[in-house]
Amino acid sequence: MSAKDFPVIVELSTPGRVGFSFPEPDVPERPIERLLPVDQIREAPPGLPEVSELDVVRHYTRLSHRNFSIDEGFYPLGSCTMKYNPKIHEETAALPGFRRLHPYAPAEEAQGALQLMWELERALAEVSGMDRVTFQPAAGAHGELTGMLMVRAYFAARGEKRTKVIVPDSAHGTNPATAAMVGYQVITVKSDSRGNMDVRALRQAMDESVAAIMLTNPNTLGLFEESIVELEEIVHGRGGQLYLDGANFNAMLGMTRPGDQGFDVMHMNLHKTFTTPHGGGGPGAGAVGIRSHLTPFLPVPVIEKEGDLFRLDDARPQSIGKIRAFYGNFGNLVRAYTYIRTMGADGLRQIAETAVLNANYMLARLRGRFDLPYDRVCKHEFVLAGTRQKKRTGVTTRDMAKRVLDYGFHAPTIYFPLIVEEAIMIEPTETESKRTMDEFVDAMLAIDRETQDNPDLVRSAPHTTPVKRLDEVRAARQPDLRWKTRP
Amino acid sequence: MTARQKSVDVAARAQHKYIPATDAEREEMLRVIGVPSVDALFADIPAAVRLNRPLRLPPALSDPEVVAHLRALAERNTHCDSAACFLGAGAYDHYVPSVVWALAGRGEFLTAYTPYQAELMQGELQAGYEYQSMLCELTGMDVANASMYDGASATAEAAVMAKDLTKRNEVIVSTAVHPEYRQVLRTYTGPLGITVAEVPHRLGVSDAEAIARAITDHTAAVIIQHPNFFGSLEEGKALADLAHRHGALLVCAIADPLSLGILKPPGAWGADIVAGEGQSLGNHVNFGGPYLGMMATRQEFVRRIPGRLVGATVDTEGRRGFVLTLQTREQHIRRERASSNICTNEALLTLAAAIYMAALGKQGLRKVAGLNLQKAAYAKEAISGLRGYRLAFDAPTFHEFVVRTPVAPEEINRRLRRHQIIGGAPLGRWYPDLKDGWLVCVTEQRTREEIDRLTSALEEIG
Amino acid sequence: MYPKDLRYSTEHEWAKVEQRRVRVGVTKFAADKLSDVVFVELPQVGAQVTYMEPFGVIESVKAVSDLYAPVSGRVVEVNTSLSEAPEVVNTDPYGRGWIILVEPKDLKELDKLMTAEQYLKAIGEDPE
């Protein structure tokens, strides 16, 4: 590696340096060989770096400067709902009564935590039109797994053998992956020219061997499924279940509810709609809402209220079991709860209205210069295509996305959904101002001009990031997944 | 518009600090879009599914009010700062150095997205690479992923990985593995046609003879936990050899990786896949989550490990950089052929773990592990010396051990509250033959004074 | 670039008869679509393969695809050099980028495959 490389922490290691402070044992020390069998004792210490506290602080502070975040700038990432993460949530989540509470504290010693979860459940049930909500899933995909396991248990209890799950061709990759993990065969149904699921195609595909349809609504094109009423009738008509991937819930808050649309089960990404911070990839929190016919299958334990007391109910013989230890990503439940208590009913509705207004505004300003595969009023996000630019000078959507970085923004979502060639998906969310949106649109228009006047500049982007374009092929061919340095 | 809907629209709409659009800006945007009102943008939602009433939620609270409300809820919980915690069982009260969250809580890390645009996110990616490297050092394995959801689900995904690797569909799991890990294992494996055979522990450790009798040519993996749920050390090497003789893999679950500061790592005694819970590495108990699923394996299995992997590479100017790699195993490319469906993971907690491991370093891990071992040994000796109390098992332990109590453990815990002590985990709910079993945990956080206070309180109660 | 002495499948594999055995690889079209190949998952020598059923996997940075057997039979050789240099599938798809060598059950099965001309039409390119 070259001299201009940013060091990896082990390269700062100096033998003898320490970054910790622990007291000496205040109990009489026994020789280790008396406490542990000799062949169980570690022979050599792990090759961790030996660095001072300042080394640690400087290293990770510098790393933080090599990162882009919502706190710094705009993330127009379609399907991710990168809205502002309020600082007050960090305060409430860090309260010792929450952060320092052991999960096996007896219920009577954890009433505040159980009450929070119970109230959050009631609030999310109301917002989604569902009857019960579980917080056990650690993320959206984990929620999909939970929801589909419950669907599977539902049919098993009814003695019905159903082997297939239907997904639209625009589905997020976690949907078919989840269906396969639950043992289902995946059937893909195409979208029509308006971006809706093709009703006729669904009618043909749907029969008594299909357990469920997994839909996203608004779908991954950012469009509301106009035929949702018919889709629901077709699936329920043949005894199937409707699953909603709630990734796009931000567009629906207070305007329409999945339960009223006929969904039997859904997951909500609390790290999207309810603004728990993304943390560089996680932790998330996936809440799963269900209609009451699925209640017996909820993962255990379930929080119940008896009089004024909350308790954890494990005695549920038809439960699917557990998908993780303990109860859920509680730290993020505190954040989501704080958010809902802050926004209230009207605040949540304003979120949806403004998110949709913002997206349509950006679409109106961009549509003349970029191909628009589906010309409809969008919801909270929209999909353009970089096909015009590619035809013109061969500059790809990937190139343009890298060039966006030079303008100080994160790139939009690219190459998803798969049904749009050279897809560019943009979602502003309601927390961005008109000024920021205008700056981003201006940047996109400038890049479009660059693809004509100076295509090489775009093709070789990014130019202003800490590293230039990285060789992903080499990373996959010769995987280097850990340092080899001995400290 | 009905009268009711109208009143919702024109009711005083507070300008919210998280929603910057002013009335004037909304007007301007509507004009550019070319529609008369925001309602027009929702016209394609069928009337039958439109919500025509306000959501029934409690009234919105201002910041000071919401903090006061949350504080009141928090104060109704008995937590590890208000009492001495002798409770472990998969979640551990360890000291979290101040640097961990001072750094991990920075907005640049906290509010960042998954690093798909690698050039912009070298901070997150490099921290992931450092975490993967340090986890390999700790566990003695060749490759580690950049996180699963938690220890239990990581163990379940390890079983699925073993099935894919061996093309066999049975797994054996010792009942000395955490009961909730086993429950999650059953939930994950059921739909995939993987049979789980539970082999009862013997005297608090996995029963090698019983496992030898249970193992077949269809066994993909033998799953143990080390130290196990009872705190006892397992004979890992013997069990790994046994598994390998039958063409099966050895999966080692680890509930507290701090134990690896002093115990021989699984890579050194023959484990094929390590799955574990990283909460002890710089994270608080947080009422059970978010936690950190760890997974590590041998080099030959690298293309089958689920979850994200960070790899080193170079940029167009020869600089070292980091990217998410081998992504074709993941759901967003491989879809129904994915190794798993995991997308969002526990990235922030891998950062916290990396900072913790870097701050403690080579010497610190050994030191903190030693403190756990010594304090637990002291408590174990003292408690087993009390009349009416005896140790359930003879096996050597790290920082947890099981005591058989003269009074029901639940009752002991209730009485210990008066001494500001959170007592150990009563085992009767998971192990019917251990109704008087009480799992005590002593970490480096417990002072001699607290341990002595526990001992005298137990003497009083017994 | 689609050699006339090869036969082609609808899944973009090529088949070449070599003294009663059949060598198999992927076409230039497939290699270009995948872009940089990073890994090829090969079957074991001795494994049975079935016409138009998956026998392995080919991975690039951005995609993963099943490999489908253009003929039924037994695998007698696999191209182990692909583990060191998978990129040869992109640079030399019909030569050093071969994937498996099969002892076919019935050579007449190859009649079900397309000629170079038919394949070019199928992928929408003009025959020269």
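Starting from 1, residues in each chain are numbered consecutively following that chain's sequence as written. The lettering of chains begins at A and the numbering of ligands begins at 1, in the order of writing. The model is predicted, so local features are restricted to residues of pLDDT at least 70 and side-chain atom pairs to those at 80 or more, both for listing and for counting; the totals for chains, interfaces and linings are taken over all residues. Note that the side-chain values use all heavy atoms of the structure and ignore hydrogens as well as water.

**Q** Would you take a moment to explain the overall build of chain B for this structure?
**A** In this description a helix means any DSSP run of H or I spanning at least four residues, a strand means any run of E spanning at least two, and both kinds are numbered starting from the N terminus. Scanning chain B from terminus to terminus reveals 15 helices and 15 strands. Structurally, chain B occupies a C-alpha span of about 80 × 55 × 45 Å along its principal axes. Partly exposed describes any residue whose relative accessible area lies between the buried limit of under 20% and the exposed limit of over 50%, with all areas from a 1.4 Å probe on protein chains only and scaled to the type maximum. Looking at chain B residue by residue over its 462 residues, the buried ones come to 68%. Considering only contacts in chain B between residues 6 or more positions apart, those separated by 24 or more positions represent 72%. Per-residue and other accessible areas follow the Shrake-Rupley method at a 1.4 Å probe size, with only the shown protein chains counted as cover for residues. When the accessible surface of chain B is split by element, carbon and sulfur atoms take 50% of a total near 14700 Å². On chain B, the mean spot of the 49 positive side-chain charges and the mean spot of the 52 negative ones are 3 Å from each other. Should any heavy atoms of two residues lie within 4.5 Å, those residues are counted as being in contact. We count Lys and Arg on the positive side and Asp and Glu on the negative side, and we leave His and both chain ends out. A charged residue contributes its charge at one atom only: NZ of Lys, CZ of Arg, CG of Asp or CD of Glu.

**Q** How should the sheet that holds strand 8 (residues 293–297) of chain B be read in this particular structure?
**A** Note on sheets: strands pair through backbone hydrogen bonds, and any given pair is parallel or antiparallel. All names here are of chain B. Strand order in the open sheet formed by seven strands is 2-8-7-6-5-3-4, and the pairing between neighbours is mixed. Here the strands that pair on one side only, and so sit at the sheet edges, are strand 2 (143–144) and strand 4 (195–199). Where strand 5 (residues 219–225) meets strand 6 (residues 249–254), five bridges bridge the pair, whose relative direction is parallel. Its bridge partner lying in strand 6, Ile224 is registered against Cys252. Packing against the sheet, helix 7 (residues 151–166) makes contact with strand 3 (170–174), strand 5, strand 6, strand 7 (273–277) and strand 8, and its axis sits at approximately 165° to strand 7. Pairs of strands are assigned from DSSP output, requiring at least two bridges between the strands. What counts as an axis is a line fitted to C-alpha atoms, over the stretch in contact for a helix, and the angles between N-to-C directions run from 0 to 180 degrees.

**Q** Just checking my understanding: could you explain the packing of helix 2 (residues 53–65) of chain A against helix 6 (residues 122–139) of chain B for this structure?
**A** When two helices pack together, their arrangement is given by the angle between the helix axes and the distance between those axes. Between helix 2 of chain A and helix 6 of chain B, whose axes approach to 6 Å, the crossing angle comes to 135°. What the angle tells us is that helix 2 of chain A and helix 6 of chain B run oblique. Residues His59, Tyr60 and Leu63 of chain A of helix 2 of chain A touch helix 6 of chain B, and the partners they reach there are Gln122, Gly123, Gln126, Ala127, Glu130 and Met134 of chain B. Any angle that falls under 35 degrees is termed roughly parallel, while one over 145 is termed roughly antiparallel, one within 65 to 115 roughly perpendicular, and all others oblique.

**Q** Got a minute to help me understand the interface of chain A and chain B in this structure?
**A** A common way to state how big an interface is: give the accessible area lost once the parts meet. If you look at the interface, chain A gives 209 residues, while chain B gives 186 residues. By convention, the term buried area covers the 1.4 Å-probe accessible surface removed from two parts as they join, with the contributions of both added. Taken together, both faces of the contact between chain A and chain B bury some 18000 Å²; the carbon and sulfur share is 61%. One side-chain nitrogen of Lys or Arg within 4 Å of one carboxyl oxygen of Asp or Glu is enough to make a salt bridge. Joining chain A to chain B, the criterion identifies 16 salt bridges. When the shortest N-O distance is used, the salt bridge between Arg376 of chain A and Asp44 of chain B registers 3.2 Å. We call two N or O atoms a polar contact when they sit within 3.5 Å, provided that within protein one can donate a hydrogen and the other can accept it, with sequence-adjacent residues counted only if both atoms are side-chain atoms. Scanning the region where chain A abuts chain B turns up 93 residue pairs in polar contact (both at pLDDT 80 or more). Looking at which element gives the most residues to the side of chain A that touches chain B, the answer is helix 11 (residues 330–366) of chain A, with 29 residues. Three classes are used: nonpolar for Ala, Val, Leu, Ile, Met, Phe, Trp, Tyr, Cys and Pro, charged for Asp, Glu, Lys and Arg, and polar for all others, with Gly counted as polar. When grouped by side-chain class, the residues that make up the side of chain A that touches chain B number 107 nonpolar, 51 polar and 51 charged.

**Q** Looking at this structure, I do not really get the pairing of strand 7 (residues 64–68) of chain C. What am I missing?
**A** The two faces of the sheet receive side chains in turn, since in a regular strand these alternate between them. Relative to strand 7 of chain C, strand 6 (residues 54–60) of chain C runs antiparallel, the two sharing five bridges. Across the sheet, the residue bridging to Pro54 of chain C is Tyr68 of chain C, located in strand 7 of chain C.

**Q** Could you clarify how one ought to interpret the sheet that holds strand 6 of chain C in this entry?
**A** All names here are of chain C. An order of 4-6-7 is seen for the three strands of this open sheet, with the pairing classed as antiparallel. At either margin of the open sheet sits one strand with a lone partner, and together these are strand 4 (37–41) and strand 7. Neighbour-to-neighbour, the strand axes of the sheet open up by a mean angle of 25°, direction not taken into account. Of the strand pairs in this sheet, strand 4 and strand 6 are connected by four bridges, and their pairing is antiparallel. Across the sheet, the residue bridging to Phe39 is Glu59, located in strand 6.

**Q** Looking at this structure, I do not really get helix 9 (residues 228–237) of chain A. What am I missing?
**A** Think of an α-helix as turning once every 3.6 residues; residues three or four places apart then point the same way. All names here are of chain A. Within the span of helix 9, buried status applies to Ile228, Leu231, Ile234 and Val235. Viewed along the axis of helix 9, the buried residues span an arc of 125°, placing them on a single side of the element. On the buried face of helix 9, the contacting elements are helix 8 (199–205), strand 4 (210–216), strand 5 (241–246) and helix 10 (258–261). The first or second residue beyond helix 9 is Gly239, which carries a positive phi of 80°. This arc is built from the directions going out from the helix axis to the C-beta atoms.

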